[in-house]
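Examination of the molecular architecture
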Amino acid sequence: MKITQLSEHIWSLKTWMLIPIQVWIVKDRKGVTLVDAGIPMMADGILSFIERLQAGPLHTIVLTHGHSDHVGAIPRILKRTSVPVYVHRTEIPYMQGELPYPRRKKAAVSLSPGIAQPLPEDTDSNLEQIGSLRPYFTPGHSPGHVVYYHEQDQVLLAGDLFTSKKGKMRKPMAMFTADMEQAVQSSVIVRDLNPKRLEICHGTSVMQPARQLDEYLKLNHLQTAQ
């Protein structure tokens, strides 16, 4: 597993299984938050790195969405430490196997019922901050997809909102995306937040991503209209 420090408070942990699979460790006052949980084989490496980091204990796991390559290490992690797992409320019935993900024929359990709980929301249904991360609802790749913004470091942890190659934003993988048009529409969060750095599960880092957004929207609206 390759470990890279991305900013003052954020580290990337990356492995490969045909494509790169990336999770993130975020240091804060209470210890560390894990953003996404990759595949089962990553569990020991995640816990080992947290121990070596000596920034405090793992206190929270937050998920961009519930696909199996984003939740796989959770059962093994929870056998060793008890921490809450958060995901957008819209995602829960799909990941728990109560509903099939859009464009899938059958429902399937990616995380057993009762493990994940909804991200906290205020009275206006806005997602509340979790530690040093602010979640934003970005549906499309999955019904309840969210991204997490670290304002101090100006890093956006974007899950599968995009893929990328050689520092260029590309659309998420079509065969796993519920609604591509909606996913492309959700990408405007990059303009709203204007992060210095965009991090993607299945791809390379993108610097100053807002500068690419107009080209991305033009290209992919054309593609989704075909």
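Keep in mind the model is a prediction, meaning the values are calculated, not measured.

1. Concerning the environment of Gln185
Take Gln185: it is sitting in helix H5 (residues 180-186). On the accessibility criterion, Gln185 (42% relative accessible area) is partly exposed. Distance in space between the C-alpha atoms of Gln185 and Asn220 is 9.8 Å, their sequence separation being 35 residues.

2. Here we look at helix H1 (residues 43-53)
Buried within H1 we find Ala43, Ile46, Leu47, Phe49, Ile50 and Leu53. The arc that holds the buried residues of H1, viewed along the axis, is 160°, so those residues lie on one side. In H1, those exposed residues whose orientation departs by more than 90 degrees from the buried face are Asp44, Glu51 and Arg52. Contacts made by the buried residues of H1 are with strand E1 (2-5), strand E2 (10-17), strand E3 (19-28), strand E4 (31-35), strand E5 (58-62) and helix H3 (74-80). Of the residues trailing H1, Gln54 is marked for its positive phi of about 55°.

3. Description of the nonpolar core
Counting 48 residues, the largest nonpolar core has Ile25, Leu34, Ile46, Ile61, Ile77 and Leu157 as its most contacted members. The leading source of residues in this core is H1, at 6 residues. If we skip the residues at most four places from it in the chain, Ile61 touches Leu34, Ile74, Ile77, Val83, Pro84, Val85 and Tyr86. Core analysis: the second largest hydrophobic core is formed by 18 residues, Val147, Leu161, Phe162 and Leu213 among them.

4. Examining the sheet that holds E3
If you walk across this open sheet you meet the 7 strands as E1-E2-E3-E4-E5-E6-E7, and the pairing is mixed. Among the strands making up the open sheet, the edge pair consists of E1 and strand E7 (116-118). Pairs of neighbouring strands in the sheet enclose a mean axial angle of 30°, with direction left out of account. Two elements, E2 and E3, share 8 bridges in a ladder whose sense is antiparallel. By the bridge assignment, Ile10 is partnered in E3 with Val26.

5. Describing the packing of aromatic side chains
Given two aromatic rings, one states the distance between the centres and the angle between the planes to describe the pair. What the rule picks out here adds up to 3 aromatic pairs. Ring centres 5.4 Å apart and planes at 25° place the aromatic pair Tyr94 and Tyr101 in the stacked group. Each member of the pair Tyr94 and Tyr101 is classed as buried. Taking 5.1 Å as the distance between ring centres and 70° as the angle between the ring planes, the aromatic pair formed by Phe162 and Tyr216 counts as edge-to-face. Taken together, the residues span a long stretch of sequence, with Phe162 in the loop between strand E10 (155-157) and strand E11 (163-165) and Tyr216 in helix H7 (residues 213-225) at a distance of 54 residues.

6. Observations concerning the pairing of strand E9 (residues 146-150)
Strand residues, when the strand is regular, have side chains that alternate between the two faces of the sheet. The element E9 is extensively covered by neighbouring structure, given that 5 of its 5 residues are classed as buried. The alternating pattern of E9 places Val146, Tyr148 and His150 and Val147 and Tyr149 on opposite faces, both of which are buried. In this structure, strand E8 (residues 134-137) lies alongside E9, joined through 4 bridges in antiparallel fashion. Looking across to E9, one finds that Pro135 is bridged to Tyr148. Taken together, E9 and the strand that follows it, E10, pair antiparallel across an intervening segment of 4 residues, in which Gln154 is found at a positive phi of about 55°.

Criteria and thresholds
- Residues numbered from 1 in each chain as written.
- Predicted model: local features only at pLDDT ≥ 70, side-chain atom pairs only at ≥ 80, totals over all residues.
- Heavy atoms only, no water.
- Helix = DSSP H or I, 4+ residues; strand = E, 2+ residues; numbered from the N terminus.
- Buried < 20%, exposed > 50% of the residue type's maximum accessible area, 1.4 Å probe, protein only.
- Arc of directions from axis to C-beta.
- Contact = heavy atoms within 4.5 Å.
- Core = buried A, V, L, I, M, F, W, Y, C linked by side-chain atoms within 4.5 Å.
- Pairing = 2+ DSSP bridges.
- Axes fitted to C-alpha atoms, helices over the stretch in contact; angles between N-to-C directions.
- Phe/Tyr/Trp six-rings, centres within 6.5 Å; stacked < 30°, edge-to-face > 60°.

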